[in-house]
Amino acid sequence: MTMCPDTPRDVTRRDFLQTSMTGAAALAVTGPESFLAPGDQDAVAAEIAKQHDATVQMLREWIALPSIAAENRNYPQGADYMARLARDAGFSRVDLIQTKGKPGVFATLDNGAATTLALYFMYDVKQFDPSEWSAPPLEGRIVDRPGVGKIMIGRGATNTKGPQVACLAAMRAFKAAGRKIPINLVLVCEGEEEIGSPNFSAVVFKPELEAALRKSIGIIIPLGNQELDGSVQVNLGSKGIIELEIVSSGTKWGRGPTLDVHSSYEAQIDSPAWHLVQALHTLVGPDGHTPAVEGFFDKVRPLSPQLKEILEQAVPRRNEAAAKKALSVSRWYGDESWHDSLVRLVTQPTINIEGLVGGYTGPGGKTILPNRATAKIDVRLVPDMTAKETLELIRKHLAKRGFADVEVNMTGGYDPTETPADSKLVKAMVTTYHKAGVDPLLWPRLAGSWPGVTFTGPPLKLPAGQFGLGHGAGAHAPDEYWLIESANPKVAGMDGAVRSFVDLFYALA
(Lines give C-alpha, C1' and ligand atoms only; values in the text may rest on other atoms or scores of the structure.)
Protein backbone atom coordinates (compact mmCIF):
# COMPACT_ATOMS: atom_id res chain seq x y z
CA MET A 1 0.00 0.00 0.00
CA THR A 2 1.06 3.59 -0.37
CA MET A 3 1.20 4.05 3.30
CA CYS A 4 4.58 5.22 4.60
CA PRO A 5 4.78 4.03 8.18
CA ASP A 6 5.33 6.77 10.72
CA THR A 7 8.44 6.57 12.86
CA PRO A 8 8.81 4.24 15.88
CA ARG A 9 7.28 5.13 19.25
CA ASP A 10 8.22 5.00 22.90
CA VAL A 11 5.40 3.39 24.85
CA THR A 12 5.70 5.15 28.21
CA ARG A 13 2.20 5.35 29.72
CA ARG A 14 0.58 8.80 29.73
CA ASP A 15 -2.30 10.01 31.86
CA PHE A 16 -4.09 11.22 28.75
CA LEU A 17 -4.50 7.78 27.27
CA GLN A 18 -5.21 6.23 30.65
CA THR A 19 -8.11 8.58 31.30
CA SER A 20 -9.54 9.57 27.93
CA MET A 21 -8.95 6.49 25.77
CA THR A 22 -9.64 3.84 28.39
CA GLY A 23 -12.76 5.74 29.33
CA ALA A 24 -13.79 6.05 25.70
CA ALA A 25 -13.25 2.34 25.17
CA ALA A 26 -15.51 1.61 28.12
CA LEU A 27 -18.33 3.30 26.25
CA ALA A 28 -18.01 0.70 23.52
CA VAL A 29 -17.84 -2.36 25.75
CA THR A 30 -17.98 -2.81 29.50
CA GLY A 31 -14.95 -5.06 29.80
CA PRO A 32 -14.07 -8.65 28.96
CA GLU A 33 -17.29 -9.93 30.50
CA SER A 34 -19.25 -8.10 27.80
CA PHE A 35 -17.69 -10.17 25.00
CA LEU A 36 -20.16 -12.68 23.69
CA ALA A 37 -19.92 -16.29 24.90
CA PRO A 38 -16.47 -16.48 26.54
CA GLY A 39 -16.51 -20.26 26.08
CA ASP A 40 -16.95 -19.79 22.35
CA GLN A 41 -14.12 -17.29 22.24
CA ASP A 42 -11.78 -19.71 24.02
CA ALA A 43 -12.74 -22.48 21.60
CA VAL A 44 -11.95 -20.26 18.63
CA ALA A 45 -8.65 -19.13 20.14
CA ALA A 46 -7.64 -22.76 20.68
CA GLU A 47 -7.90 -23.38 16.92
CA ILE A 48 -5.37 -20.67 16.09
CA ALA A 49 -2.33 -22.67 17.23
CA LYS A 50 -3.69 -25.84 15.64
CA GLN A 51 -3.87 -24.07 12.28
CA HIS A 52 -0.51 -22.31 12.57
CA ASP A 53 1.24 -24.34 9.86
CA ALA A 54 -1.71 -24.01 7.50
CA THR A 55 -1.81 -20.25 8.07
CA VAL A 56 1.90 -19.90 7.34
CA GLN A 57 1.51 -21.99 4.20
CA MET A 58 -1.43 -19.82 3.08
CA LEU A 59 0.81 -16.77 3.25
CA ARG A 60 3.67 -18.52 1.45
CA GLU A 61 1.41 -19.62 -1.41
CA TRP A 62 -0.10 -16.16 -1.77
CA ILE A 63 3.34 -14.54 -1.91
CA ALA A 64 4.19 -16.92 -4.77
CA LEU A 65 1.44 -15.31 -6.89
CA PRO A 66 2.22 -11.58 -7.21
CA SER A 67 -0.28 -9.33 -8.95
CA ILE A 68 1.58 -6.21 -10.08
CA ALA A 69 -0.67 -3.63 -11.72
CA ALA A 70 2.22 -1.52 -13.02
CA GLU A 71 3.48 -4.55 -14.97
CA ASN A 72 0.07 -6.01 -15.80
CA ARG A 73 1.27 -9.19 -14.13
CA ASN A 74 -1.04 -12.02 -13.02
CA TYR A 75 -4.39 -10.59 -14.00
CA PRO A 76 -7.05 -11.92 -13.72
CA GLN A 77 -5.27 -14.70 -11.77
CA GLY A 78 -4.75 -12.46 -8.75
CA ALA A 79 -8.44 -11.57 -8.45
CA ASP A 80 -9.46 -15.21 -8.92
CA TYR A 81 -7.04 -16.27 -6.18
CA MET A 82 -8.33 -13.58 -3.81
CA ALA A 83 -11.88 -14.79 -4.43
CA ARG A 84 -10.81 -18.35 -3.57
CA LEU A 85 -9.19 -17.20 -0.32
CA ALA A 86 -12.41 -15.39 0.62
CA ARG A 87 -14.51 -18.49 -0.02
CA ASP A 88 -12.13 -20.70 1.94
CA ALA A 89 -12.31 -18.28 4.88
CA GLY A 90 -16.08 -18.63 5.06
CA PHE A 91 -17.57 -15.76 3.07
CA SER A 92 -20.89 -17.04 1.77
CA ARG A 93 -21.06 -14.77 -1.25
CA VAL A 94 -18.02 -13.83 -3.35
CA ASP A 95 -18.20 -11.83 -6.59
CA LEU A 96 -15.62 -10.51 -9.01
CA ILE A 97 -16.22 -6.85 -9.91
CA GLN A 98 -15.04 -5.88 -13.38
CA THR A 99 -13.65 -2.36 -13.96
CA LYS A 100 -11.88 -0.50 -16.76
CA GLY A 101 -8.69 -1.74 -15.12
CA LYS A 102 -8.10 -4.67 -12.80
CA PRO A 103 -10.98 -6.60 -11.19
CA GLY A 104 -12.13 -6.05 -7.64
CA VAL A 105 -13.53 -8.66 -5.26
CA PHE A 106 -16.69 -8.25 -3.17
CA ALA A 107 -17.69 -10.74 -0.48
CA THR A 108 -20.23 -10.90 2.34
CA LEU A 109 -20.85 -13.02 5.40
CA ASP A 110 -24.28 -12.43 6.97
CA ASN A 111 -24.54 -14.09 10.38
CA GLY A 112 -27.72 -12.25 11.33
CA ALA A 113 -25.73 -10.15 13.81
CA ALA A 114 -26.55 -6.63 14.91
CA THR A 115 -23.16 -5.26 13.80
CA THR A 116 -21.47 -5.34 10.41
CA LEU A 117 -17.77 -4.62 9.89
CA ALA A 118 -16.26 -3.90 6.48
CA LEU A 119 -12.77 -5.07 5.51
CA TYR A 120 -10.53 -3.43 2.89
CA PHE A 121 -8.03 -5.70 1.15
CA MET A 122 -5.62 -5.21 -1.73
CA TYR A 123 -4.30 -8.17 -3.69
CA ASP A 124 -1.66 -6.27 -5.68
CA VAL A 125 1.95 -5.67 -4.66
CA LYS A 126 4.87 -3.48 -5.72
CA GLN A 127 7.48 -4.41 -8.31
CA PHE A 128 10.74 -6.05 -7.24
CA ASP A 129 14.27 -6.74 -8.45
CA PRO A 130 15.37 -10.22 -7.27
CA SER A 131 19.05 -9.21 -7.42
CA GLU A 132 18.46 -6.83 -4.50
CA TRP A 133 17.02 -9.51 -2.18
CA SER A 134 18.78 -11.88 0.21
CA ALA A 135 16.15 -14.55 -0.51
CA PRO A 136 13.96 -15.06 -3.60
CA PRO A 137 11.10 -12.54 -3.31
CA LEU A 138 8.43 -15.09 -4.28
CA GLU A 139 9.67 -18.03 -2.20
CA GLY A 140 8.32 -17.05 1.20
CA ARG A 141 11.48 -18.27 2.90
CA ILE A 142 11.50 -18.29 6.71
CA VAL A 143 14.75 -17.16 8.31
CA ASP A 144 15.92 -16.28 11.81
CA ARG A 145 16.50 -12.59 12.43
CA PRO A 146 18.40 -11.90 15.66
CA GLY A 147 16.33 -9.97 18.18
CA VAL A 148 13.21 -10.25 16.02
CA GLY A 149 12.43 -13.94 15.53
CA LYS A 150 11.45 -16.13 12.60
CA ILE A 151 10.42 -13.96 9.67
CA MET A 152 9.02 -14.77 6.24
CA ILE A 153 10.70 -12.82 3.44
CA GLY A 154 8.66 -12.07 0.35
CA ARG A 155 7.11 -9.35 -1.76
CA GLY A 156 3.80 -8.39 -0.20
CA ALA A 157 4.64 -10.13 3.10
CA THR A 158 3.83 -7.09 5.21
CA ASN A 159 2.12 -4.89 2.60
CA THR A 160 -0.30 -6.38 3.14
CA LYS A 161 -0.67 -10.13 2.61
CA GLY A 162 0.65 -11.10 6.05
CA PRO A 163 -1.92 -9.02 7.96
CA GLN A 164 -4.68 -10.03 5.54
CA VAL A 165 -3.85 -13.70 6.00
CA ALA A 166 -4.07 -13.14 9.77
CA CYS A 167 -7.59 -11.77 9.31
CA LEU A 168 -8.63 -14.64 7.04
CA ALA A 169 -7.07 -17.16 9.45
CA ALA A 170 -9.21 -15.70 12.25
CA MET A 171 -12.30 -16.46 10.18
CA ARG A 172 -11.01 -19.99 9.52
CA ALA A 173 -10.51 -20.50 13.26
CA PHE A 174 -14.18 -19.75 13.85
CA LYS A 175 -15.12 -22.25 11.17
CA ALA A 176 -12.81 -24.92 12.58
CA ALA A 177 -14.25 -24.39 16.06
CA GLY A 178 -17.80 -24.70 14.74
CA ARG A 179 -18.66 -21.21 16.00
CA LYS A 180 -20.26 -18.26 14.24
CA ILE A 181 -18.38 -15.00 13.97
CA PRO A 182 -20.42 -12.67 16.24
CA ILE A 183 -20.65 -9.93 13.60
CA ASN A 184 -21.41 -9.71 9.89
CA LEU A 185 -18.55 -9.01 7.47
CA VAL A 186 -18.27 -7.23 4.14
CA LEU A 187 -15.06 -7.51 2.12
CA VAL A 188 -14.05 -5.11 -0.62
CA CYS A 189 -10.75 -5.78 -2.36
CA GLU A 190 -8.90 -4.09 -5.21
CA GLY A 191 -5.96 -4.93 -7.43
CA GLU A 192 -4.68 -1.45 -8.25
CA GLU A 193 -3.80 0.12 -4.89
CA GLU A 194 -0.13 0.28 -5.77
CA ILE A 195 -0.83 2.45 -8.83
CA GLY A 196 -3.13 4.87 -7.01
CA SER A 197 -6.49 3.03 -7.16
CA PRO A 198 -7.68 4.64 -10.43
CA ASN A 199 -10.79 2.42 -10.72
CA PHE A 200 -11.62 1.75 -7.08
CA SER A 201 -14.74 3.92 -7.00
CA ALA A 202 -16.21 1.74 -9.72
CA VAL A 203 -15.87 -1.21 -7.34
CA VAL A 204 -17.20 0.43 -4.17
CA PHE A 205 -20.16 2.15 -5.74
CA LYS A 206 -21.74 -0.77 -7.49
CA PRO A 207 -25.28 -0.67 -6.01
CA GLU A 208 -25.12 -3.96 -4.08
CA LEU A 209 -21.68 -3.28 -2.68
CA GLU A 210 -22.55 0.27 -1.64
CA ALA A 211 -25.72 -0.97 0.05
CA ALA A 212 -23.72 -3.56 2.03
CA LEU A 213 -21.17 -0.96 3.11
CA ARG A 214 -23.92 1.39 4.31
CA LYS A 215 -24.85 -1.22 6.93
CA SER A 216 -21.31 -1.24 8.32
CA ILE A 217 -20.15 0.56 11.46
CA GLY A 218 -16.83 1.20 9.73
CA ILE A 219 -14.03 -0.36 7.73
CA ILE A 220 -10.54 -1.56 8.64
CA ILE A 221 -7.36 -2.36 6.75
CA PRO A 222 -5.60 -5.36 8.30
CA LEU A 223 -2.13 -4.12 9.18
CA GLY A 224 0.77 -5.29 11.32
CA ASN A 225 0.76 -2.23 13.55
CA GLN A 226 3.43 -3.20 16.07
CA GLU A 227 6.91 -1.75 16.23
CA LEU A 228 9.72 -3.88 17.62
CA ASP A 229 9.19 -2.34 21.07
CA GLY A 230 5.64 -3.71 21.03
CA SER A 231 3.95 -0.33 20.61
CA VAL A 232 0.88 0.22 18.46
CA GLN A 233 -0.50 3.35 16.81
CA VAL A 234 -4.20 4.09 16.20
CA ASN A 235 -4.50 6.62 13.37
CA LEU A 236 -7.48 8.95 13.11
CA GLY A 237 -6.89 9.65 9.45
CA SER A 238 -4.29 9.63 6.71
CA LYS A 239 -2.95 12.00 4.09
CA GLY A 240 -4.24 11.85 0.56
CA ILE A 241 -1.97 11.54 -2.44
CA ILE A 242 -1.54 12.45 -6.10
CA GLU A 243 0.88 10.35 -8.13
CA LEU A 244 2.20 12.20 -11.17
CA GLU A 245 4.49 11.89 -14.13
CA ILE A 246 5.89 15.25 -15.23
CA VAL A 247 7.35 14.96 -18.71
CA SER A 248 9.47 17.31 -20.79
CA SER A 249 10.02 16.40 -24.44
CA GLY A 250 11.36 18.07 -27.54
CA THR A 251 8.20 17.03 -29.38
CA LYS A 252 5.80 18.82 -27.00
CA TRP A 253 8.11 21.74 -26.28
CA GLY A 254 8.83 22.53 -29.91
CA ARG A 255 12.44 23.13 -28.92
CA GLY A 256 15.31 20.70 -28.54
CA PRO A 257 15.54 17.41 -30.44
CA THR A 258 12.69 14.98 -31.08
CA LEU A 259 15.24 12.15 -31.03
CA ASP A 260 18.29 11.64 -28.82
CA VAL A 261 21.32 13.36 -30.37
CA HIS A 262 25.05 13.68 -29.61
CA SER A 263 25.70 15.78 -26.51
CA SER A 264 28.04 18.10 -28.40
CA TYR A 265 24.94 19.74 -29.88
CA GLU A 266 24.08 21.11 -26.41
CA ALA A 267 26.07 24.13 -27.65
CA GLN A 268 23.43 25.05 -30.21
CA ILE A 269 20.11 23.39 -29.27
CA ASP A 270 17.89 23.32 -26.21
CA SER A 271 17.77 20.47 -23.69
CA PRO A 272 14.40 18.98 -22.66
CA ALA A 273 16.13 17.47 -19.61
CA TRP A 274 17.31 20.88 -18.33
CA HIS A 275 13.84 22.22 -19.13
CA LEU A 276 12.35 19.60 -16.82
CA VAL A 277 14.83 20.42 -14.04
CA GLN A 278 13.94 24.10 -14.32
CA ALA A 279 10.22 23.29 -14.17
CA LEU A 280 10.69 21.12 -11.09
CA HIS A 281 12.72 23.84 -9.42
CA THR A 282 9.67 26.14 -9.40
CA LEU A 283 7.57 23.65 -7.39
CA VAL A 284 9.45 24.27 -4.13
CA GLY A 285 10.91 27.32 -2.39
CA PRO A 286 14.56 28.28 -1.95
CA ASP A 287 14.86 25.74 0.88
CA GLY A 288 14.28 22.93 -1.63
CA HIS A 289 11.52 21.61 0.60
CA THR A 290 8.50 23.87 1.10
CA PRO A 291 5.91 23.67 -1.71
CA ALA A 292 5.83 26.93 -3.70
CA VAL A 293 2.83 26.22 -5.93
CA GLU A 294 0.53 29.25 -5.84
CA GLY A 295 -2.54 28.52 -3.67
CA PHE A 296 -1.13 25.19 -2.46
CA PHE A 297 -1.77 25.92 1.22
CA ASP A 298 -5.05 27.82 0.80
CA LYS A 299 -7.29 24.83 1.60
CA VAL A 300 -5.14 23.41 4.42
CA ARG A 301 -7.32 23.12 7.53
CA PRO A 302 -5.49 23.47 10.85
CA LEU A 303 -5.81 20.67 13.38
CA SER A 304 -8.85 20.94 15.59
CA PRO A 305 -8.29 21.65 19.30
CA GLN A 306 -9.04 17.97 20.03
CA LEU A 307 -6.46 16.73 17.50
CA LYS A 308 -3.90 19.26 18.75
CA GLU A 309 -4.36 17.89 22.27
CA ILE A 310 -4.03 14.31 21.00
CA LEU A 311 -0.85 15.24 19.12
CA GLU A 312 0.72 17.07 22.07
CA GLN A 313 -0.03 14.17 24.39
CA ALA A 314 1.38 11.66 21.89
CA VAL A 315 4.66 13.37 20.97
CA PRO A 316 6.43 12.59 24.29
CA ARG A 317 5.72 8.89 23.73
CA ARG A 318 7.65 8.85 20.45
CA ASN A 319 11.29 7.85 20.37
CA GLU A 320 13.48 10.25 18.41
CA ALA A 321 16.63 8.15 18.49
CA ALA A 322 14.79 5.07 17.22
CA ALA A 323 13.16 7.16 14.50
CA LYS A 324 16.45 8.53 13.24
CA LYS A 325 17.96 5.06 13.18
CA ALA A 326 14.99 3.59 11.31
CA LEU A 327 15.02 6.41 8.74
CA SER A 328 18.86 6.53 8.45
CA VAL A 329 18.97 10.27 9.14
CA SER A 330 20.88 12.41 11.62
CA ARG A 331 18.73 15.56 11.59
CA TRP A 332 15.28 16.80 10.67
CA TYR A 333 14.40 19.35 8.01
CA GLY A 334 15.63 22.81 8.97
CA ASP A 335 17.28 21.33 12.08
CA GLU A 336 13.87 21.44 13.71
CA SER A 337 13.20 19.91 17.10
CA TRP A 338 11.71 16.43 17.35
CA HIS A 339 8.42 17.99 18.45
CA ASP A 340 8.23 20.42 15.54
CA SER A 341 9.23 17.78 12.99
CA LEU A 342 6.36 15.54 14.17
CA VAL A 343 3.90 18.42 13.95
CA ARG A 344 5.10 18.98 10.38
CA LEU A 345 4.80 15.26 9.60
CA VAL A 346 1.14 15.31 10.61
CA THR A 347 0.06 18.69 9.27
CA GLN A 348 2.09 19.62 6.18
CA PRO A 349 1.27 18.67 2.60
CA THR A 350 4.32 17.82 0.53
CA ILE A 351 5.70 17.62 -3.02
CA ASN A 352 8.25 14.82 -3.38
CA ILE A 353 10.44 13.66 -6.27
CA GLU A 354 10.26 9.85 -6.33
CA GLY A 355 12.57 9.49 -9.30
CA LEU A 356 14.09 11.20 -12.34
CA VAL A 357 14.58 9.37 -15.62
CA GLY A 358 16.07 10.71 -18.83
CA GLY A 359 18.58 9.65 -21.40
CA TYR A 360 21.28 7.11 -20.62
CA THR A 361 21.63 5.77 -17.05
CA GLY A 362 23.73 2.63 -17.60
CA PRO A 363 27.44 2.00 -16.90
CA GLY A 364 29.90 4.60 -18.14
CA GLY A 365 28.87 7.55 -20.27
CA LYS A 366 27.02 7.76 -23.57
CA THR A 367 27.31 11.51 -24.33
CA ILE A 368 23.80 12.06 -25.61
CA LEU A 369 21.37 14.94 -25.35
CA PRO A 370 18.09 13.17 -24.55
CA ASN A 371 14.91 14.25 -26.28
CA ARG A 372 12.75 13.40 -23.26
CA ALA A 373 12.97 13.39 -19.47
CA THR A 374 10.44 12.32 -16.86
CA ALA A 375 10.00 12.97 -13.14
CA LYS A 376 7.95 10.72 -10.89
CA ILE A 377 6.26 12.94 -8.31
CA ASP A 378 4.00 12.28 -5.35
CA VAL A 379 2.02 15.01 -3.60
CA ARG A 380 0.68 14.31 -0.07
CA LEU A 381 -2.54 16.09 0.86
CA VAL A 382 -4.15 17.07 4.16
CA PRO A 383 -7.76 18.14 4.82
CA ASP A 384 -9.38 20.13 3.13
CA MET A 385 -7.18 19.72 0.03
CA THR A 386 -8.49 17.58 -2.82
CA ALA A 387 -6.56 15.68 -5.45
CA LYS A 388 -8.49 17.28 -8.32
CA GLU A 389 -8.03 20.87 -7.18
CA THR A 390 -4.37 20.40 -6.27
CA LEU A 391 -3.61 18.86 -9.66
CA GLU A 392 -5.06 21.94 -11.37
CA LEU A 393 -3.00 24.24 -9.12
CA ILE A 394 0.19 22.48 -10.23
CA ARG A 395 -0.74 22.67 -13.91
CA LYS A 396 -1.61 26.38 -13.67
CA HIS A 397 1.56 27.07 -11.70
CA LEU A 398 3.79 25.51 -14.36
CA ALA A 399 1.95 27.18 -17.24
CA LYS A 400 2.19 30.59 -15.57
CA ARG A 401 5.97 30.18 -15.25
CA GLY A 402 6.55 29.29 -18.86
CA PHE A 403 6.23 25.52 -18.69
CA ALA A 404 2.83 25.00 -20.34
CA ASP A 405 4.43 22.45 -22.66
CA VAL A 406 5.47 20.18 -19.78
CA GLU A 407 3.02 17.30 -19.41
CA VAL A 408 1.49 16.75 -15.97
CA ASN A 409 -0.10 13.30 -16.01
CA MET A 410 -1.89 12.03 -12.91
CA THR A 411 -1.50 8.27 -12.68
CA GLY A 412 -3.53 7.82 -9.50
CA GLY A 413 -4.52 9.39 -6.23
CA TYR A 414 -7.25 10.32 -3.77
CA ASP A 415 -8.18 12.78 -1.02
CA PRO A 416 -7.25 12.59 2.70
CA THR A 417 -9.26 10.63 5.28
CA GLU A 418 -10.55 11.49 8.76
CA THR A 419 -12.20 9.33 11.46
CA PRO A 420 -13.65 10.54 14.80
CA ALA A 421 -11.84 9.40 17.94
CA ASP A 422 -15.19 8.62 19.58
CA SER A 423 -16.42 6.30 16.81
CA LYS A 424 -17.42 2.78 17.83
CA LEU A 425 -14.75 1.40 15.51
CA VAL A 426 -11.89 3.32 17.15
CA LYS A 427 -13.15 2.47 20.64
CA ALA A 428 -13.32 -1.24 19.79
CA MET A 429 -9.80 -1.21 18.34
CA VAL A 430 -8.44 0.46 21.48
CA THR A 431 -10.31 -1.98 23.72
CA THR A 432 -8.90 -4.94 21.79
CA TYR A 433 -5.35 -3.65 22.11
CA HIS A 434 -5.83 -3.11 25.86
CA LYS A 435 -7.13 -6.67 26.16
CA ALA A 436 -3.87 -7.84 24.60
CA GLY A 437 -1.88 -5.82 27.14
CA VAL A 438 -0.92 -3.06 24.72
CA ASP A 439 -1.46 0.64 25.47
CA PRO A 440 -2.03 2.11 21.99
CA LEU A 441 -0.84 5.53 20.90
CA LEU A 442 -3.62 7.70 19.48
CA TRP A 443 -2.27 9.69 16.52
CA PRO A 444 -4.04 12.43 14.52
CA ARG A 445 -3.03 11.44 11.00
CA LEU A 446 -0.88 8.86 9.26
CA ALA A 447 1.63 10.55 6.96
CA GLY A 448 1.08 7.79 4.41
CA SER A 449 -1.92 7.29 2.18
CA TRP A 450 -4.59 4.76 1.25
CA PRO A 451 -7.85 5.15 -0.73
CA GLY A 452 -9.93 5.35 2.46
CA VAL A 453 -11.65 8.56 1.40
CA THR A 454 -13.82 6.34 -0.82
CA PHE A 455 -15.34 5.17 2.47
CA THR A 456 -14.85 8.14 4.82
CA GLY A 457 -16.02 10.76 2.31
CA PRO A 458 -19.53 11.27 0.98
CA PRO A 459 -21.82 9.51 0.44
CA LEU A 460 -20.77 6.68 2.83
CA LYS A 461 -18.99 8.72 5.56
CA LEU A 462 -17.80 5.61 7.41
CA PRO A 463 -15.15 5.51 10.15
CA ALA A 464 -12.01 3.83 8.86
CA GLY A 465 -8.67 2.75 10.24
CA GLN A 466 -5.79 0.31 10.25
CA PHE A 467 -5.91 -2.56 12.74
CA GLY A 468 -3.89 -5.55 13.81
CA LEU A 469 -1.12 -6.86 16.01
CA GLY A 470 2.00 -8.43 14.54
CA HIS A 471 5.03 -6.88 12.92
CA GLY A 472 6.49 -6.52 9.46
CA ALA A 473 8.85 -4.20 7.61
CA GLY A 474 10.36 -3.43 4.21
CA ALA A 475 7.18 -2.47 2.37
CA HIS A 476 8.05 -1.55 -1.24
CA ALA A 477 11.71 -2.44 -0.51
CA PRO A 478 14.00 -5.47 -0.84
CA ASP A 479 13.73 -8.15 1.87
CA GLU A 480 10.19 -7.19 2.86
CA TYR A 481 9.13 -9.48 5.70
CA TRP A 482 6.37 -10.55 8.08
CA LEU A 483 7.00 -11.89 11.58
CA ILE A 484 5.97 -15.53 12.01
CA GLU A 485 7.38 -16.40 15.46
CA SER A 486 8.41 -13.54 17.71
CA ALA A 487 11.56 -13.50 19.85
CA ASN A 488 10.09 -10.61 21.89
CA PRO A 489 7.13 -11.28 24.20
CA LYS A 490 5.93 -7.72 23.62
CA VAL A 491 5.51 -8.30 19.89
CA ALA A 492 2.92 -10.68 18.45
CA GLY A 493 3.89 -13.34 15.95
CA MET A 494 1.49 -14.72 13.37
CA ASP A 495 -0.74 -16.48 15.94
CA GLY A 496 -1.00 -13.31 18.02
CA ALA A 497 -1.93 -11.34 14.91
CA VAL A 498 -4.70 -13.85 14.16
CA ARG A 499 -5.94 -13.64 17.74
CA SER A 500 -6.22 -9.84 17.52
CA PHE A 501 -8.87 -10.18 14.81
CA VAL A 502 -10.81 -12.76 16.80
CA ASP A 503 -10.86 -10.37 19.76
CA LEU A 504 -11.87 -7.41 17.59
CA PHE A 505 -14.85 -9.30 16.21
CA TYR A 506 -16.02 -9.99 19.76
CA ALA A 507 -15.33 -6.42 20.87
CA LEU A 508 -17.62 -5.13 18.11
CA ALA A 509 -20.44 -7.60 18.82
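Higher on the page you've got the structure.
A brief report on the enclosed structure follows. (Residues numbered from 1 in each chain as written. Predicted model: local features only at pLDDT ≥ 70, side-chain atom pairs only at ≥ 80, totals over all residues. Heavy atoms only, no water.)

**Brief notes about the overall build of the protein**
Assigned secondary structure in the protein consists of 16 helices and 20 strands. Relative to a compact globule of 509 residues, whose C-alpha radius of gyration would be 23 Å, the protein shows 24 Å and is just as compact. C-alpha atoms of the protein, sized along the principal axes, occupy 85 × 50 × 50 Å. For the protein, the residues scored as buried account for 55% of the 509 residues in total. (Helix = DSSP H or I, 4+ residues; strand = E, 2+ residues; numbered from the N terminus. Rg over C-alpha atoms; globule rule 2.2 N^0.38 Å. Buried < 20%, exposed > 50% of the residue type's maximum accessible area, 1.4 Å probe, protein only.)

**Overview of the environment of Y506**
Here Y506 lies in helix α16 (residues 494–508). Sequence separation between Y506 and I183 is 323 residues; the distance between their C-alpha atoms is 7.7 Å.

**Considerations on the sheet that holds strand β10 (residues 240–249)**
Strand order in the open sheet made by the 4 strands is β12-β14-β10-β15, with antiparallel pairing throughout. On the outer flanks of this sheet lie β12 (350–358) and β15 (407–414), each paired with one strand and no other. For this sheet, the mean inter-axis angle between neighbouring strands, taken without regard to orientation, is 20°. Pairing of β10 with strand β14 (residues 372–381) involves 10 bridges; the strand directions are antiparallel. Looking at the pairing, S249 lines up with R372 of β14. Against the sheet, helix α9 (residues 272–281) makes contact with β10, β12 and β14, and its axis sits at roughly 15° relative to β14, the strand it touches most. This element, helix α13 (residues 387–400), spans β10, β14 and β15 of the sheet and lies at about 165° to β15. (Pairing = 2+ DSSP bridges. Axes fitted to C-alpha atoms, helices over the stretch in contact; angles between N-to-C directions. Contact = heavy atoms within 4.5 Å.)

**Details of α9**
For α9, the set of buried residues is P272, H275, L276, A279 and L280. Seen from one end, α9 has its buried residues packed into an arc of 135°, which puts them on one side. In this structure, α9 carries W274 and H281 as exposed residues pointing more than 90 degrees from its buried face. As for α9, its buried residues are in contact with β10, α8 (250–253), β12, β13 (368–369), β14 and α13. (Arc of directions from axis to C-beta.)

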